Amino acid sequence: MDLLAQIAILLGVCLSGELLASLLPFSFPSSVIAMLLMLLLLATGVLKLRHVEGVTNFLMQNMAFFFVPLCVNILAYLEIISANMVAILVICFVSTFLTFVTTAFTVRGLMKLTRKKGEPDHE
Amino acid sequence: MSEFFTSPLFCITLSLAAYCIGCRVRAKTGSALANPLIVAAVLIGAVLFATGTDVEAYYEATDMIRFWIMPATAVLGVAIYKNLTLIRKQWLPVLGGCLVGALTAIGSVVVLAKAFGLERELAVGLAPKSVTMAIATSLSEQHGGLVPITVFGVVLTGVLGAVAAPLLIRLLRIKDPTEAGLAIGASSHAVGTSTAVQLGEIEGAMSGAAIGLVGIFTVLLALALPYVL
C-alpha cells in the first residue's frame, strides 16, 4: 500500500490510542495502547501486514533517530546526573545484570516444566 | 543570527547529520559502544556550545522529530504480531520470563534507589530503564520522574546489555536461543536486540518480542509505583 496511506493508518491507530487512554480512569501511556491496538487489529485481520509494513520497517530501522533530541536534552541535566553518578551507574549495572539472569533462569525453568508436563512439541 | 540556529530547519538538519555520522562510526568500528545516539548527542552538543545556542531552544525546534516517537512505539505491535507463532509455541516460558524480567528490572531499581537515598524523581526516572525508550519516557513522565534521567538510564542500560550479552550467555551457559533472546530483550531492549539479531534469527525475534511484552508488563507494574516510591 502506498506510503502516505500507511502513515494515515498508523496515525489513525495512534489517535485511537490517545482517545482510549483519555477514557481510562488511571494513567496509562497512550503509546502502549496504540501498540496493543495495532497488535489486536493485525491479529484479528482487520489490518493486514501490507497496510503497515512499509512505514513500520522505516520507523523500526531508524527508531533511535527520533530520540536524538531527548538525548541532547540530557546535556541540560549533566549537573544532577553527575551529582548522583555513582548511584545511577550502580543501579544500571546491577539492575541490568539481575534482569538478564532472572529472565534467563525463569525461561529455562518454565521450559523444563512444560517439557516435563509432556506438552506436545510443535517443532 | 540566533534565529538561524534555533530554526527547525537548522536543528533538524543538524540532528540528521549527526545521527548519520553516528551510524557511520558504528558501522566502521562495529562496536556496540559506538551508539549513534551517544555520538550524535556529543556532536550536536558541541555545535550548540559553539554557536551559543540554548539546549532548550534546540529541543523546542525539533518537535517534528519527537512527534514520531509515539507512532514508532505503536509499530512495535507489528513486531510482536510477526512473532506471534513463535510466542504461542512457548507461551508459558515467554510470558513468564518477561513478567519476571519486568518485575526484577523495576524492583531492583526501586530497592537500590531507596538504598542510595535517591530523590523520588530520580528513582522514578530510572525505574523504567529496561523498557524501550518511548514507553520508558512516557511512564517516567506520568509518574513524576525526571525524563532526562530516564533517557540516560535507557541508553546506558541498552549499551550495557548489548555489550555484556555474549559474555553473560557464556557465563550462564545459555544454550536455548529463545532463552538468550528473551534475556537480552528484557534487560536491554532495542540496543540489545541489535546484538541478539547478530547471534541468530530466533534470538533476534525473541528479543524483539521481549521488548513489547516487558514493556506492557512494566506499564502494569508501574501502576504500583506511587505506593512504593
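Details of the structure are given in the entry above.
Residues numbered from 1 in each chain as written. Chains lettered and ligands numbered in written order. Predicted model: local features only at pLDDT ≥ 70, side-chain atom pairs only at ≥ 80, totals over all residues. Heavy atoms only, no water.

Chemist: Kindly report on the overall build of chain A, identifying the contributing residues and their values.
Modeler: Regarding its fold elements, chain A presents 6 helices and 0 strands. Along chain A, helices (α) and strands (β) appear in the sequence α-α-α-α-α-α when read from the amino end. Taking 123 residues into account, the globule formula puts the C-alpha radius of gyration at 14 Å, and chain A, at 21 Å, lies well above it. For chain A, the C-alpha atoms occupy an extent of roughly 50 × 50 × 35 Å along the three principal directions. Looking at chain A alone, contacts between residues at least 24 apart form 46% of all its contacts between residues at least 6 apart. Just so you have it, chain A exposes about 6500 Å², and 68% of that area is on carbon and sulfur atoms. The distance from the centre of the 7 positive side-chain charges to the centre of the 7 negative ones in chain A is 15 Å. (Helix = DSSP H or I, 4+ residues; strand = E, 2+ residues; numbered from the N terminus. Rg over C-alpha atoms; globule rule 2.2 N^0.38 Å. Contact = heavy atoms within 4.5 Å. Areas by Shrake-Rupley, 256 points an atom, 1.4 Å probe, with all protein chains shown as cover. Lys, Arg positive; Asp, Glu negative; His and termini not counted. Charge placed at Lys NZ, Arg CZ, Asp CG, Glu CD.)

Chemist: Please give an account of the overall build of chain B that cites residues and values.
Modeler: A count of helices and strands for chain B gives 15 helices and 0 strands. Summarising its shape, the C-alpha atoms of chain B cover approximately 60 × 45 × 30 Å along the three principal directions. Intrachain contacts of chain B at a sequence separation of at least 6 include 64% that bridge at least 24 residues. Here chain B displays about 9500 Å² of accessible surface, and carbon together with sulfur accounts for 67% of that area. A distance of 15 Å separates the average location of the 13 positive side-chain charges in chain B from that of its 12 negative side-chain charges.

Chemist: Before we move on, can you summarise a nonpolar patch on the surface with the specific residues and values?
Modeler: A cluster of nonpolar side chains, namely M85(A), V86(A), L89(A), V90(A), F93(A), V94(A), F97(A), L98(A) and F116(B), defines an oily patch on the protein surface of about 720 Å² accessible area. In terms of residues, the nonpolar patch owes the most to one element, helix α6 (residues 85–116) of chain A, which gives 8 residues. Examined against the element boundaries, L98(A) turns out to sit in helix α6. (Patch = residues over 30% accessible without salt bridge, like charges linked within 9 Å, V, L, I, M, F, W, Y side chains within 5 Å. Salt bridge = Lys/Arg side-chain N within 4 Å of Asp/Glu carboxyl O.)

Chemist: Any chance you could break down unusual backbone geometry for me, citing the residues and the numbers?
Modeler: Residues and elements named next belong to chain B. At R173, a residue that is not glycine, the phi angle is positive and equals roughly 50°. Here R173 lies in the loop between α12 (147–171) and α13 (177–199). With relative accessibility at 63%, the residue R173 sits in the exposed group. (Buried < 20%, exposed > 50% of the residue type's maximum accessible area, 1.4 Å probe, protein only.)

Chemist: Account for the interface of chain B and chain A, with residues named and values stated.
Modeler: Between chain B and chain A, the contact holds 91 residues from the first and 74 residues from the second. Buried area between chain B and chain A, both sides added, is near 7600 Å², and the carbon and sulfur share of it is 83%. Connecting chain B to chain A are 2 salt bridges. Between E53(A) and K82(B) there is a salt bridge whose closest N-O contact spans 3.3 Å. (Buried area = accessible area lost by both parts, 1.4 Å probe.)

Chemist: Now, about the side chain of K129(B): what can you tell me, with residues and values included?
Modeler: Residue placement: K129(B) occurs in the loop between α10 (120–126) and α11 (133–142). Within the buried set, K129(B) has no salt-bridge partner at all; the shortest N-O distance to an opposite charge, 19 Å, is to E119(B). A polar side-chain atom of K129(B) sits 3.5 Å from a polar atom in the side chain of T157(B). The residues touching K129(B), leaving out its near neighbours within four places in the chain, are I91(A), C92(A), S95(A), T96(A), V109(B), G153(B), V154(B), T157(B) and H189(B). (Polar contact = N/O pair within 3.5 Å; in protein donor to acceptor, adjacent residues only side chain to side chain.)

Chemist: How would you explain the packing of aromatic side chains if you had to name every residue and give the values?
Modeler: Scanning all chains against the criterion turns up 6 aromatic pairs over all chains. With a centroid separation of 5.7 Å and 65° between ring planes, the pair formed by F65(A) and F66(A) is classed as edge-to-face. Comparing F65(A) with F66(A) shows no difference in burial state: the two are buried. One aromatic cluster is present, built from ring pairs that chain together F65(A), F66(A) and Y19(B). R66(B) extends its terminal NZ or CZ atom over the ring of Y59(B), reaching a point 4.0 Å from the ring centre. (Phe/Tyr/Trp six-rings, centres within 6.5 Å; stacked < 30°, edge-to-face > 60°. Lys NZ or Arg CZ within 6 Å of the ring centre and 35° of its normal.)

Chemist: Give a description of the packing of α12(B) against α13(B) that names residues and reports values.
Modeler: Residue and element names in this part refer to chain B. One way to put it is that α12 packs onto α13 with a least axis distance of 8 Å and a crossing angle of 75°. Between α12 and α13, the interaxial angle falls into the category roughly perpendicular. From α12, V154, T157, G158, V159, G161, A162, A165, P166 and I169 reach across to α13, where they touch A180, I184, S187, S188, H189, V191, G192, T195 and L199. Residues of the contact of α12 with α13, tallied by class, amount to 10 nonpolar, 8 polar and no charged. (Axes fitted to C-alpha atoms, helices over the stretch in contact; angles between N-to-C directions. Parallel < 35°, antiparallel > 145°, perpendicular 65-115°, else oblique. Nonpolar A, V, L, I, M, F, W, Y, C, P; charged D, E, K, R; others polar.)

Chemist: Explain the pattern of salt bridges to me, and be specific about the residues and the numbers.
Modeler: Side-chain pairing between opposite charges can occur once the charged atoms of the two side chains come close. Residue and element names in this part refer to chain B. As enumerated under the stated definition, the model contains 3 salt bridges over all chains in all. Across the pair R66 and D63 runs a salt bridge whose closest N-O atoms are separated by 3.8 Å. One end of the pair, R66, and the other, D63, are both in helix α5 (residues 63–66), 3 residues apart, so they sit about a helical turn from each other. Owing to a relative accessible area of 46%, D63 belongs among the partly exposed residues under this scheme.

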